[in-house]
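What follows is each chain in one-letter form.
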Amino acid sequence: MMKTYTPMIQQYLKIKAEVPDAFLFFRLGDFYEMFFDDALNASRELEITLTARDGGVAEKIPMCGVPHHAAAGYIEQLIEKGFKVAICEQTEDPKQTKGVVKREIVQMITPGTVMEARSLDEKENHYIAAVTGFEDRSYSIAYLDLSTGESKATVVDSKEEAVNELVSIQAREVVFSSSEDPAIEKMLRERNILSLSTMDDCDMASSFTYVVEDLKEDKLLRSMNRLLHYTMSTQKRALDHLQKTAPYQTASFLRMDPNSKRNLELTETIRGNGKKGSLVWLLDETMTAMGARLLKRWIERPLVDQKAIKHRLEAVEGFVDCFFERQTLRELLKGVYDLERLAGRVAFGNVNARDLVQLKKSLQQIPGVRQTLTEMDHPVIQAISDSLDPCADLADELETAIVEQPPLAIKDGNFIKDGFNAELDEYRDASRNGKTWIAELEQKERKKTGIRSLKIGYNRVFGYYIEVTKANLSALQEGMYERRQTLTNAERFITPELKEKEELILQAEVRSTELEYTLFQALREKVKVEIPRLQKLAYEISKLDVLQCFATVSENRHYVKPAFNSERKIEIIEGRHPVVEKVMDSQEYVPNDCTMNKECEMLLITGPNMSGKSTYMRQVALTSILAQMGCYVPAAKANLPIFDRIFTRIGAADDLVSGQSTFMVEMLEAQHALSHATQNSLILFDEIGRGTSTYDGMALAQAIIEYVHDKVGAKTLFSTHYHELVDLSNDLNNLVNVHVSAAEQDGHVVFLHKVKEGPADKSYGIHVAQLANLPTSLIDRANSLLAGFESTEEKTGNKQIGDLSTGQLSLFEEPEIKKEKKPDKIQRELLATNVLDLTPLEAMNELYRLQKLAKSQSK
Ligand SMILES: Nc1ncnc2c1ncn2[C@@H]1O[C@H](COP(=O)(O)OP(=O)(O)OP(=O)(O)O)[C@@H](O)[C@H]1O
Ligand SMILES: [Mg+2]
């Protein structure tokens, strides 16, 4: 007869089949066990011992496990690696069942749905998203942060934009329908969004009608419904804290693709990938976790609506003007805990008494906050004050209910205040009276027996007892007490009277802890009802926090309030790069102006290496971003247009670290900017074209400049080392040359970091090499080579620019095919490739393949 698996393993396999893509944590007594492949994988990922057990068949079954009390840490590790975990519990009491205990999956934990505080960075949102593609090539995206209940939804025009949006919000997990075009999954994987899940469309549970109330478009509903359904099916519990989904349009914000954001180091630096050195690092003077999260969202989504921007700026101005009140406000905000996530935990049912005390303390800060805001006597700030609902009823209730320092466990009692509930007070009286009675009894018995060391004690097994040491036993009258327990040095006794009291005391204690638990649940329900109010308050507080943060930074770092114009004019006087300025510390940052208008749409920036070209360009972009966020800007004066989009492309060599610095990526990014930029955009091209041979690079650079100048008209800063390009200003009316100056002193270069009109005259590249301590002999050789090059150039008059400007530059138009020669294989293949449909990786591979082909042909 063939052997079969034991009933338990059969049960395991049945449950495992429900969650093929997750680790199944299968509860067995005090352990969560994993079997088969799960065990093999988990033992490797978690570095835990792999064992084996009999499962009814010939071979043993691989198994490994973690103790249930330590499971959280292991789950966290798996989630962080992008895996999912299904928790399967015993759902009936093993003592009361015969055969295999019933087990069920009670929760799925996935990268997008973790709620454990340890896995959540308090300063970051943690989004799970769903996307849906439509026939018209548009995509809808919905996302939600389960810890705060916030959710949003939008429709974008293309796959690329959908991916950009998902990367922008740093989606931890993305849910697709099983019929979705796999191309988008592939693109997401390439961008490091690895946790992808499947859930098919279905009707929405009616409990969510409220959540999707504001979504009028069917496309939005498709993604949001699926997201809600997925969340429900993984969490298997109440999601009462979900807020109404807010529809939005990407065009209502200053748009920046993820690469541009990275180049500008908004939330992390390019090199370290850490926060330090980024704009958010500079700006974060928030006092609450909610504020820090909102700050990050605002940095990633500056506004385009002038009225809304001005509104923020006015509030910032109000805060800047009131230094002392602002300090008081900051102190008060420090006392406000993470209301959003508290609300989330209330809804999830995993709050404890300490959480409720935090909630109460936070609410109790609000009247003070309002008072302080009112004292600032500023109309916009007063409106903020009026919007803060102190939820006084709730705060009072919590104040009267819960002691200041409650224990962690909610099942052991001792956290409800006296006087909150009459019945509880009675039990407590009974227990306290009982204890007094016992203390009095001890005195009485000592007197009666004359034994001074007689004492009454308590333990769990015997309850209350009278203890008399062996030496004193003779002083007891026979039959006075009932003997209970004999120790080496003492005897323990009881009396009927004592046992009677004990019964009363213990009963009162059991009842009171039970009652406390019931009261706690009732309290939790009350708080639950108030979740929408708490969420609204949380949002208002976080806005307030970010605005005061802007004011604090603006004052500390001497920023000014920007003005805006609709003439597409940039006027920044004595502007600085906010982060470089801060990092430089005591050294002087050299401020620079930037003026651009209708006659000057493009700046062609030249200057030696290390002079500050890149810094200058980024400072212009960052100034605009800060201004459109509603923050003051690092300048003496700033008058700016409102940009719709910002594109940045920084030189290939600056970007090696990410491993994406191929020339192709650079070209793709240039293409992206050129095809999406409008007159109202800002483009930064930092040394574009430097990743290829000089002539190719220069040719491309010139073609790009001409194209932007003639066809796009966006405000553009273009830095280059190709000095030949400076002559372009003769032909292009709206192009202006500027250079970052440097001076030569005793054969050494001195960087002045000052941006001046006109082109740079010298390159100083070799001087920089010298600064970097390259061998002297090498430097000498370079200098003599340079002298050689320069003299040949003078002799032949060979200025590359002249030749190029007459040539055909055809990157962005149909390539011209030379007629006289039959295209060879490589050429045919090249022509058949749609470059713009390739991902950077595919492009690299293609290039590699073609090169191989070329090599084989040239042999
Ligand atoms: N305005 C300034 N004031 C003071 N120091 C500056 C200023 N601008 C730049 N620097 C300093 O010079 C360094 C180099 O600047 P940056 O990278 O912008 O030079 P670059 O001209 O782009 O060089 P490369 O051509 O090699 O890319 C910066 O890291 C900063 O320390
Ligand atoms: Mg540079």
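In this numbering scheme, every chain counts its residues from 1 along its sequence in written order. Written order determines the labels here, with chains lettered from A and ligands numbered from 1. Thresholds applied to this predicted model are a pLDDT of at least 70 for local features of residues and 80 or more for the giving and counting of side-chain atom pairs; totals over whole chains, interfaces and linings are not thresholded and use all residues. The side-chain quantities take in all heavy atoms of the structure and omit both hydrogens and water.

### Here we look at the site of ligand 1
Around ligand 1 lies a shell of 16 residues, among which Val590, Met610, Lys613, Ser614 and Thr615 are the nearest. In this structure, a nitrogen atom belonging to ligand 1 sits 2.8 Å away from a main-chain N or O atom of Val590. Counted as a polar contact is a pair of N or O atoms within 3.5 Å, where, for protein atoms, one must be capable of donating a hydrogen and the other of accepting one, and residues adjacent in sequence contribute only when both atoms are in side chains. One of the side-chain N or O atoms of His721 is found 3.0 Å from an oxygen atom in ligand 1. Against a free-state accessible area of 630 Å², the protein chains account for coverage of 79% of ligand 1. Numbering of helices and strands runs from the N terminus, with a helix taken as a DSSP run of H or I at least four residues long and a strand as a DSSP run of E at least two residues long. The element that contributes the greatest number of residues to the shell around ligand 1 is helix H20 (residues 613-629), accounting for three residues. Being near a molecule or strand, for a residue, comes down to having at least one heavy atom within 4 Å of it. Working definition of accessibility: Shrake-Rupley area with a 1.4 Å probe, residue cover restricted to the visible protein chains.

### Describing the sheet that holds strand S20 (residues 602-606)
Paired strands, in this sense, are two strands between which DSSP finds at least two bridges. The six strands lie next to each other as S22-S23-S24-S20-S25-S26, forming an open sheet whose pairing is mixed. Two strands bound the open sheet, and with one partner strand each, they are strand S22 (646-649) and strand S26 (748-757). Between one strand axis and the next, the sheet turns through 15° on average, direction left out of account. All axes are obtained by fitting lines to C-alpha atoms, using only the stretch in contact for helices, and the reported angles, taken between N-to-C directions, cover 0 to 180 degrees.

### So, the pairing of strand S7 (residues 127-133)
Taken residue by residue, a regular strand's side chains alternate between the two faces of the sheet. Type-normalised accessible area, obtained with a 1.4 Å probe on protein chains alone, sets the label of each residue: buried when under 20%, exposed when over 50%, and partly exposed for intermediate values. Among the seven residues of S7, six are classified as buried, and the element is accordingly described as predominantly covered. Pairing between S7 and strand S8 (residues 139-145): seven bridges, direction antiparallel. What sits directly across from Ile128, in S8, is Leu144. Connecting S7 to the antiparallel partner S8 that follows it, the hairpin turn spans five residues, and Arg137 within it adopts a positive phi of roughly 75°.

### Let's talk about the nonpolar core
We call a set of buried Ala, Val, Leu, Ile, Met, Phe, Trp, Tyr and Cys residues a nonpolar core when their side-chain atoms join them within 4.5 Å. Among the nonpolar cores identified, the biggest contains 129 residues, and Leu166, Leu283, Leu359, Leu373, Leu544 and Phe550 are the most heavily contacted of them. When residues in this core are grouped by element, the largest group, twelve residues, is from helix H18 (residues 531-556). It only takes one pair of heavy atoms within 4.5 Å for two residues to be counted as in contact. Ignoring sequence-local partners within four residues, the contact set of Phe550 consists of Leu283, Leu295, Trp298, Val316, Met629, Gly630 and Cys631. Counting residues in each nonpolar core, the second largest holds 24 residues, with Phe685, Ile688, Leu728 and Leu732 among its members.

### Here we look at the packing of aromatic side chains
Pairing of aromatic rings covers Phe, Tyr and Trp, the last counted by its six-membered ring, and requires centre-to-centre distances within 6.5 Å; plane angles under 30 degrees mean stacked, over 60 mean edge-to-face, and any other angle means tilted. All told, the structure shown has 16 aromatic pairs when counted by the stated rule. Seen from their ring centres, Tyr12 and Phe35 are 4.9 Å apart, and the 90° between their planes marks the pair as edge-to-face. Note that Tyr12 is positioned in helix H1 (residues 7-18) and Phe35 in strand S2 (residues 31-35), a separation of 23 residues in sequence. Taking relative accessible area as the criterion, Tyr12 reaches 1% and is therefore assigned buried. Of the residues examined, Phe35 reaches a relative accessible area of 0% and is grouped as buried.

### Focus on the domain arrangement of the protein
Bring the parts together and some accessible area is lost; that lost area is often taken as the interface size. Domains are outlined according to an automatic or database domain assignment. Here the protein is described as being made up of domain 1 (7-109), domain 2 (119-252), domain 3 (284-391 + 530-556), domain 4 (422-524), domain 5 (563-806) and domain 6 (825-858). Each of domain 1 and domain 3 has a C-alpha centre, and these two points are 44 Å apart.

### Details of empty space enclosed by the protein
Put plainly, a pocket is an open set of points on a 1 Å grid over the protein atoms alone with protein on both sides within 12 Å along at least five of seven lines, a cavity is a set where a 1.4 Å probe fits but cannot get out, and a lining residue has an atom within 4 Å of a point. Grid points are joined across faces, edges and corners, and a volume is the space filled by probe spheres set on the points. For the structure on display, the rule yields four cavities of 30 Å³ or more. Considered as a void within the structure, the largest cavity measures approximately 220 Å³ in volume. Around the largest cavity sit 17 residues that line it, and Glu165, Ser168, Thr250, Arg255 and Met256 are the ones nearest its centre. Of all the elements in the fold, those that place two or more residues in the lining of the largest cavity are helix H4 (159-168) and helix H7 (258-263). Of all the elements, H4 adds the most residues to the lining of the largest cavity, at four residues. Each residue gets one label: Ala, Val, Leu, Ile, Met, Phe, Trp, Tyr, Cys and Pro are nonpolar, Asp, Glu, Lys and Arg are charged, and the others, such as Gly, are polar. Here the residues of the lining of the largest cavity sort into five nonpolar, four polar and eight charged. Roughly 50 Å³ of volume is contained in the second largest cavity. Taken together, Asp257, Ser260, Phe647, Thr648, Arg649, Glu669, His672, Ala673 and Phe685 make up the full set of residues lining the second largest cavity. Contributing elements (two or more residues each) for the lining of the second largest cavity: S22 and helix H21 (663-676). Among the residues forming the lining of the second largest cavity, the class breakdown is three nonpolar, three polar and three charged.

### Some details on the packing of helix H13 (residues 353-375) against helix H17 (residues 496-529)
Each pair of packed helices can be described by the angle between their axes along with the distance between the axes. Relative orientation of the contacting elements H13 and H17 amounts to 40°, with a least axis distance of 12 Å. Between H13 and H17, the interaxial angle falls into the category oblique. Along this stretch, H13 crosses H17, giving a crossing that reads as left-handed. Only Phe520, Leu523 and Val527 of H17 make contact with H13, whose side of the interface consists of Ala353, Leu356 and Leu359. Its residues assigned to classes, the contact of H13 with H17 comprises six nonpolar, no polar and no charged. Reported orientations rely on four angle classes, namely roughly parallel under 35 degrees, roughly antiparallel over 145, roughly perpendicular from 65 to 115, and oblique for the rest. Rotating anticlockwise by less than a right angle from the far helix to the near helix defines a left-handed crossing, while the corresponding clockwise rotation defines a right-handed one.

### Things to note about the pattern of salt bridges
Only one rule defines a salt bridge in this text: a Lys or Arg side-chain nitrogen within 4 Å of an Asp or Glu carboxyl oxygen. Inspection of every chain in the model, using the stated rule, returns 49 salt bridges. Where Lys417 meets Glu399, a salt bridge forms, and the shortest distance between an N and an O atom there is 3.1 Å. Here Lys417 is found in the loop between helix H15 (392-401) and helix H16 (422-449), whereas its partner Glu399 is found in helix H15, with 18 residues between them in sequence. For Lys417, a relative accessible area of 22% corresponds to the partly exposed category.

### So, unusual backbone geometry
A positive phi is found at Glu265, a non-glycine position, where the angle reads about 55°. If you trace the backbone, Glu265 turns up in the loop between H7 and helix H8 (279-283). Residue Asp377 is not a glycine yet carries a positive backbone phi of 55°. Within the fold, Asp377 resides in the loop between H13 and helix H14 (379-387).

### Digging into the packing of helix H10 (residues 306-321) against H18
Contact geometry for H10 and H18: axes closest at 8 Å, N-to-C directions at 60°. The pairing of H10 with H18 is recorded here as oblique in orientation. As for how H10 packs across H18, the hand of that crossing is right-handed. Counting all contacts with H10, which are made through Arg312, Ala315, Val316, Phe319 and Val320, the residues of H18 involved are Leu544, Leu547, Gln548, Phe550, Ala551, Ser554 and Glu555.

### Describing helix H2 (residues 36-46)
Each α-helix turn comprises 3.6 residues. Residues three or four places apart therefore point the same way. For H2, the complete set of buried residues consists of Asp38, Ala39, Ala42, Ser43, Glu45 and Leu46. Along H2, the residues classed as buried sweep out an arc of 170° about the axis, all on the same side. In this structure, H2 carries Asp37 and Arg44 as exposed residues pointing more than 90 degrees from its buried face. Elements in contact with the buried residues of H2: H1, strand S1 (23-28), S2, strand S4 (61-67) and helix H3 (71-80). Of the residues flanking the end of H2, it is Glu47, one or two places downstream, whose phi is positive at about 55°. The arc in question is the one traced by the directions running from the helix axis out to the C-beta atoms.

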